[in-house]
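Here is what each chain is made of, one letter per residue.
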Amino acid sequence: MDAAARLFYAEAVEESAVNMLTAEAVIEFETERLRLRQWRTTDRGPFAALNADPEVMAFFPSTLSHEASDALAARCAALIEARGWGFWACELKRTGEFIGFVGLHEPPAALPFSPCVEIGWRLALPFWGQGYASEAARGALAVGFEQLALSEIVSFTATINTRSRAVMSRLGMRQTGQFMHPLLADGSPLRAHCWYRLPVAQWHAQGLTRRRK
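Residues numbered from 1 in each chain as written. Predicted model: local features only at pLDDT ≥ 70, side-chain atom pairs only at ≥ 80, totals over all residues. Heavy atoms only, no water.

Student: Any chance you could explain the packing of aromatic side chains here in plain terms?
Tutor: Any aromatic ring pair is given by two values, namely how distant the centres are and how the planes are angled relative to each other. All chains considered together, the criterion is met by 13 aromatic pairs. Geometrically, the ring pair formed by Phe113 and Phe179 is edge-to-face, given 5.4 Å between the ring centres and 80° between the ring planes. You can see Phe113 sitting in the loop between strand S4 (98-105) and strand S5 (118-123) and its partner Phe179 sitting in strand S7 (residues 174-180), a full 66 residues away along the chain. Note on accessibility: Phe113 and Phe179 belong to one class, buried. Their ring planes at 40° and their centres at 5.3 Å tell us that Phe145 and Trp203 sit as a pair that is tilted. One end of the pair, Phe145, is in helix H4 (residues 132-147); the other, Trp203, is in helix H6 (residues 200-205), with 58 residues separating them in the sequence. (Phe/Tyr/Trp six-rings, centres within 6.5 Å; stacked < 30°, edge-to-face > 60°. Helix = DSSP H or I, 4+ residues; strand = E, 2+ residues; numbered from the N terminus. Buried < 20%, exposed > 50% of the residue type's maximum accessible area, 1.4 Å probe, protein only.)

The structure is reproduced here in structure tokens:
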């Protein structure tokens, strides 16, 4: 969900206060059509292009400059290197084309449901509407529950972002509450947020598993 990545280019990009979950090695995985992996320097060009796209960034405070986009990519890569998981670079297995990121993150901001681990995504516009976000997110959820032994995973976005909310629902998450995002200014149409949660028991009850090649 896009709200996750918003926290990276706000001032609060410091290490999360929640550091109890660590991995011994970098986790990478595949789904039927996608590969979720560590970032490469070759990802930075297409990543900057999607971050400069007003439609992709419609529910963010602004688009990103190339410099800011590169810093975000470096931050994502550093967090994965440090703990083994995070917002993974996402590529099409068929072509090797970078299409955006999907993954897990510990939000640094003090949110009503903190501490938590959230799931988030941001894909380039040509890859919308093909089920890629849901497919990759299901794989990321499986990593969180099956490998990291999380008790629940949350997601949150601007209340008006119906597209991301629909993905959350398709993932089996349920809306739990609303809040005003502390990193967004008063009066911003994006400040009103809603959050969704998926407990591990619900994950298992729904039979949600990662389809892996």
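After presenting the structure, the write-up continues.
Student: Would you take a moment to explain the pairing of strand S6 (residues 152-158) for this structure?
Tutor: Along any regular strand the residues' side chains alternate between the sheet's two faces. When you tally the buried positions in S6, you get six out of seven residues, the bulk of the element. Pairing geometry for S6 and strand S8 (residues 192-199), over seven bridges, is antiparallel. Bridge pairing links Thr157 to Cys194 in S8. (Pairing = 2+ DSSP bridges.)

Student: Hey, could you run me through the side chain of Arg165 in this one?
Tutor: Looking at where Arg165 falls in the secondary structure, it is placed in helix H5 (residues 162-170). Of note is the side chain of Arg165, whose polar atom sits 2.9 Å from the backbone oxygen of Thr159. Leaving out residues up to four positions away in the same chain, Arg165 has contacts with Thr157, Ala158, Thr159, Gln175, Cys194 and Tyr196. (Polar contact = N/O pair within 3.5 Å; in protein donor to acceptor, adjacent residues only side chain to side chain. Contact = heavy atoms within 4.5 Å.)

Student: Is there a simple way to think about the environment of Gln206 in this case?
Tutor: One can find Gln206 in the segment after H6. For Gln206 and Gly172, which are 34 residues apart along the polypeptide, the C-alpha to C-alpha distance reads 7.9 Å. Aside from chain neighbours lying at most four places away, what touches Gln206 is Leu171, Gly172, Arg174 and Leu198.

Student: Quick question: what am I supposed to make of the packing of helix H2 (residues 44-51) against helix H3 (residues 66-83) here?
Tutor: Axis angle and axis distance: for two packed helices, these are the angle between their axes and the distance between the axes, and together they describe the pair. Contact geometry of H2 with H3 gives a least axis separation of 9 Å together with a crossing angle of 120°. By the angle between their directions, the pair H2 and H3 is classed as oblique. Viewed along their axes, H2 and H3 form a crossing whose handedness is right-handed. Taking contact as the criterion, the partners of Arg44, Phe47, Ala48 and Asn51 in H2 are, on H3, His66, Ser69, Asp70, Leu72, Ala73 and Ala74. Among the residues forming the contact of H2 with H3, the class breakdown is five nonpolar, three polar and two charged. (Axes fitted to C-alpha atoms, helices over the stretch in contact; angles between N-to-C directions. Parallel < 35°, antiparallel > 145°, perpendicular 65-115°, else oblique. Left-handed = near helix turned anticlockwise from the far one by under 90°. Nonpolar A, V, L, I, M, F, W, Y, C, P; charged D, E, K, R; others polar.)

Student: Just to check I follow, could you spell out the pattern of salt bridges for this structure?
Tutor: Any two side chains of opposite charge can pair, so long as their charged atoms come close to each other. Per the counting criterion, the structure on display carries 10 salt bridges. The partner of Lys93 in a salt bridge is Glu30, and the shortest N-O contact between them spans 3.4 Å. Placement of the pair is Lys93 in the loop between strand S3 (87-92) and S4 and Glu30 in strand S1 (residues 29-30), with a sequence separation of 63 residues. On the basis of relative accessible area, Glu30 is assigned to the partly exposed category, the value being 24%. Arg83 serves as the salt-bridge partner of Glu106, at 3.4 Å between the closest nitrogen and oxygen. Of this pair, Glu106 sits in the loop between S4 and S5 while Arg83 sits in helix H3; the two residues are 23 residues apart in sequence, bridging distant segments of the chain. An identical accessibility class is assigned to Glu106 and Arg83; each is buried. (Salt bridge = Lys/Arg side-chain N within 4 Å of Asp/Glu carboxyl O.)

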